[in-house]
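# Examining the three-dimensional arrangement
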Amino acid sequence: MAGTTLPTPLYGLYRGQLGFSELMVTIVFAVYAAGIIAALLVAGDFSDVLGRRPVLLAALALSAASAVCFLFEEGLPLLFTGRVLSGFAAGLFSGAATAAVLELAPSGSSGFAATAANMGGLGCGPLLSGVLAQYAPKPLMLPFLAHLGLLAVAVVLTLVLPETVHRPEPRPPLRPRGMAVPRQVRPVFVPAGLACFAGFSVFGLFTAVSPGFLSETLHVGNLAASGAVAFSVFASSLAGQALMSRTGVARGLPLGCVGLVAGMVQVGCSLLVASLPLLVTGAVTVGIGQGLAFRSALSAVGERAPEEHRGATLSALFVTAYLGISLPVVGVGALSVGMGLRDAGLVFSACVIVLAVAVGFRLHRARG
């Protein structure tokens, strides 16, 4: 999963090398969401039929191909190709790797182990590339060479991993999973989906645009610091997801919305007064809110969905979330062309605050 966020601190270097705008940065970032959505809808449950290992190996191969594209990039075509391949890989990992961890980890820790692997990988990507790009030679090559080395280790581990799926004979046909939101799930799905959209849009902001905030608004050019800020969001999301076991689903979703509002207020203020500490505390606060809201939303929708439609309903929730990670960020890039990156970030912060407040208010009225 680290491969999907590995380029985060490097976008400024690509801008300098290739001479494209902040809008193009956000588009390059966002195309990977199209790959994730396509993989989830087409092959989200293929590992249930083919087994976990073949799908994991295919995802690792796609991730390696993405790294090779970045190694040999000479312009936008290979950047776009690398991001789309990274999205395909992440979409396959989202299903097969999560299922494998749930099945192989000790029963008491399986849920947290799957979450830690997912969010931990996403957070370690920018941290690794930021440190290597700042303190080692060849900043646009070494992070991807390191990633290829990690992928080689992952291939060896996957080959010796126990297979948890007993493949049926004859093998049933592979069909796209698709999406479905049954009528009885919609009262829960709508606020859960909006909360996921808002939370994942924050992920998009910190993995696509925060390096620009740091360099242009806060005048922090250290790439390791840029990677550390992105890492803090994902690490905090992991902490927020762990909190759900204490708050429960009913309180977790509105509390997550409160965290999103509080965090985005701090992020907006950090841009107004050019404060790095406020940006970091905002990243931590919004990450906790996102994690709490996301895990609560998954649990609420999963519990309400009929068993025969559960997979398709959760697919719809993931698609909503990944639309959130891409579309609003492209909007920030478009706004930055006319009003500057700082003001575009302020507009984005206000939109997330309004959306999170609306979801929280709806949940409060539903409980009342």
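Residues numbered from 1 in each chain as written. Predicted model: local features only at pLDDT ≥ 70, side-chain atom pairs only at ≥ 80, totals over all residues. Heavy atoms only, no water.

## So, the overall build of the chain
Inclusion rule: A run of H or I in DSSP becomes a helix once it reaches four residues, and a run of E becomes a strand once it reaches two; helices and strands are each numbered from the N terminus. The classification of residues rests on relative accessible area computed with a 1.4 Å probe and restricted to protein chains. Under 20% of the type maximum is buried, over 50% is exposed, and intermediate values are partly exposed. The contact rule is simple, with two residues in contact once any of their heavy atoms fall within 4.5 Å. Calculation of accessible area relied on Shrake-Rupley with a 1.4 Å probe; when residues are assessed, cover is drawn exclusively from the protein chains displayed. Counted charges follow a simple rule, with Lys and Arg positive, Asp and Glu negative, and His plus the chain ends left uncounted. Think of each charge as sitting on NZ of Lys, CZ of Arg, CG of Asp or CD of Glu.
When helices and strands are counted, the chain shows 14 helices and zero strands. Helices and strands in the chain line up, N terminus first, as α-α-α-α-α-α-α-α-α-α-α-α-α-α. Referenced to the eigenvectors of the C-alpha coordinate spread, the extents of the chain come out at roughly 60 × 55 × 35 Å. Residues counted as buried form 51% of the 368 residues belonging to the chain. In the chain, once contacts between residues fewer than 6 apart in sequence are set aside, the share between residues at least 24 apart is 85%. When the accessible surface of the chain is split by element, carbon and sulfur atoms take 68% of a total near 15,100 Å². The averaged location of the 13 negative side-chain charges in the chain is 9 Å from the averaged location of its 20 positive side-chain charges.

## Section: a nonpolar patch on the surface
Put simply, the test is: Only residues whose relative accessible area exceeds 30% and that take part in no salt bridge are eligible for patches, with like-charged residues grouped when within 9 Å of each other and nonpolar side chains (Val, Leu, Ile, Met, Phe, Trp, Tyr) grouped when within 5 Å. Salt bridges, as used here, are contacts in which a Lys or Arg side-chain nitrogen is within 4 Å of a carboxyl oxygen on Asp or Glu.
The grouping of L243, L276, V280, V284 and I288 at the surface amounts to a nonpolar patch, some 300 Å² of accessible area in total. If you tally residues by element for the nonpolar patch, the top one is helix α12 (residues 276–304), at four residues. As for its placement among the helices and strands, I288 is situated in helix α12. In this structure I288 comes out as partly exposed when scored by relative accessible area, which is 30%.

## What to know about the packing of helix α3 (residues 22–43) against helix α9 (residues 186–217)
For any two helices packed against each other, one specifies the crossing angle of their axes together with the interaxial distance. This is how it is decided: All axes are obtained by fitting lines to C-alpha atoms, using only the stretch in contact for helices, and the reported angles, taken between N-to-C directions, cover 0 to 180 degrees. Note that the term roughly parallel is reserved for angles under 35 degrees, roughly antiparallel for angles over 145, roughly perpendicular for angles of 65 to 115, and oblique for everything else. Helix crossings get a hand from a simple test, with the near helix turned counterclockwise from the far one by less than a right angle marking a left-handed crossing and a clockwise turn marking a right-handed one. Polar here means any residue other than Ala, Val, Leu, Ile, Met, Phe, Trp, Tyr, Cys and Pro, which are nonpolar, and Asp, Glu, Lys and Arg, which are charged; Gly is therefore polar.
Between α3 and α9, the shortest axis-to-axis distance is 9 Å and the interhelical angle comes to 155°. Looking at the two axes, α3 sits roughly antiparallel to α9. As α3 packs across α9, the resulting crossing turns out to be right-handed. Across the interface between the two elements, E22, V25, T26 and F29 of α3 pack against G204, T207, A208, V209 and E216 of α9. In terms of residue class, the contact of α3 with α9 is made up of four nonpolar, three polar and two charged.

## Considering the packing of aromatic side chains
Rules: Stacked, edge-to-face and tilted are the three classes for Phe, Tyr and Trp ring pairs, Trp counted by its six-membered ring, which pair at centre distances within 6.5 Å; planes under 30 degrees apart are stacked, over 60 edge-to-face, the rest tilted. Charge-over-ring placement is defined geometrically: NZ (Lys) or CZ (Arg) within 6 Å of the ring centre, and within 35 degrees of the ring normal.
In this structure the tally under the stated criterion is eight aromatic pairs. On the numbers, 4.8 Å between centres and 5° between planes, the contact of F70 with F144 is stacked. Separated by 74 residues along the polypeptide, F70 in helix α5 (residues 52–71) and F144 in helix α8 (residues 142–160) bring together distant segments of the chain. For the pair shown, F70 and F144 are each scored as buried. Measuring from ring centre to ring centre gives 4.5 Å for F203 and F234, while their planes differ by 35°; the resulting arrangement is tilted. Highlighted residues: F203 in helix α9 and F234 in helix α10 (residues 223–247), separated in sequence by 31 residues. Assessed through its relative accessible area of 2%, F203 is described here as buried. The exposure class of F234 is buried, given its relative accessible area of 3%. Above the plane of the ring of Y32 lies R83, whose end atom (NZ or CZ) is 4.4 Å from the centre.

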